[in-house]
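What follows is each chain in one-letter form.
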Amino acid sequence: MTERNEKHGALHRAVDKAADAMGGMAGRASANTAGSHSAAAFAQNAAIGDMYEIAAGKLALQHASHPLVKEAAVKMIDDHSTSTHQLRSAMLMNETKGVPALPDKIDARRKTMLDHLQATPADKFDATYLDQQILAHKETVDLMTGYRDSGDNAQLRSFAEGTAPVVQRHLAHMEKLKAQLG
């Protein structure tokens, strides 16, 4: 690879990381506003967050080099698949009638994060995955705890209350793993 291509690649990675961080801030702002109160916004964001986590975990299983990162990816796939099932079950209850159906595809912001992850060179993949996981889990902690405390639907508040501790453990684990792997 030429020096120019290496610089271009590094520039692209820096831009991608900045875009992911900006997206993370926008996601946290959304989680702390409408997502904390509105059943429709909460359910949509929770569902899309799970879709992102599962897709990112699958990419990590394919591309991560460190066994602990792959192990964390398996945990994310398993736990967020469970969360998806629980959210879908909550949406079938009488208390959630009138809440719009869950989305069936990921939003543009998280699709961009997945694209950035997919484009990450092998030697930077683990760090990028962990950075994204920390951003995504901070957003989800805000979403779950905010809705648990202020949400407008009892059934979905119950879901948020049960899910929040799991997501908080995920965040702590990803931060510890990031520190451990440098």
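Placed above this text is the structure.
Since this is a predicted model, take the numbers as computed values, not measurements. (Residues numbered from 1 in each chain as written. Predicted model: local features only at pLDDT ≥ 70, side-chain atom pairs only at ≥ 80, totals over all residues. Heavy atoms only, no water.)

*Asks:* Whenever I open this one, the overall build of the protein chain confuses me. Can you help?
*Replies:* Each helix and strand in the protein chain was counted, giving six helices and zero strands. Walking the protein chain from its N terminus toward its C terminus, one meets helices and strands in the order α-α-α-α-α-α. Across the 182 residues of the protein chain, 45% fall into the buried class. Sequence-distant contacts, at least 24 apart, represent 79% of the contacts inside the protein chain between residues at least 6 apart. (Helix = DSSP H or I, 4+ residues; strand = E, 2+ residues; numbered from the N terminus. Buried < 20%, exposed > 50% of the residue type's maximum accessible area, 1.4 Å probe, protein only. Contact = heavy atoms within 4.5 Å.)

*Asks:* Hey, could you run me through the pattern of salt bridges in this one?
*Replies:* Opposite charge on two side chains permits pairing when their charged atoms draw close. In this structure the tally under the stated criterion is seven salt bridges. In this structure, Asp-79 engages Lys-75 in a salt bridge whose closest nitrogen and oxygen atoms are separated by 3.3 Å. With a gap of four residues between them, Asp-79 and Lys-75 both fall in helix 3 (residues 67-91), about one helical turn apart. By relative accessible area, which is 44% here, Lys-75 ends up partly exposed. Residues Asp-149 and Arg-148 are paired through a salt bridge, measuring 2.8 Å at the closest nitrogen-oxygen approach. Look at Arg-148 and you get partly exposed, because its relative accessible area is 29%. (Salt bridge = Lys/Arg side-chain N within 4 Å of Asp/Glu carboxyl O.)

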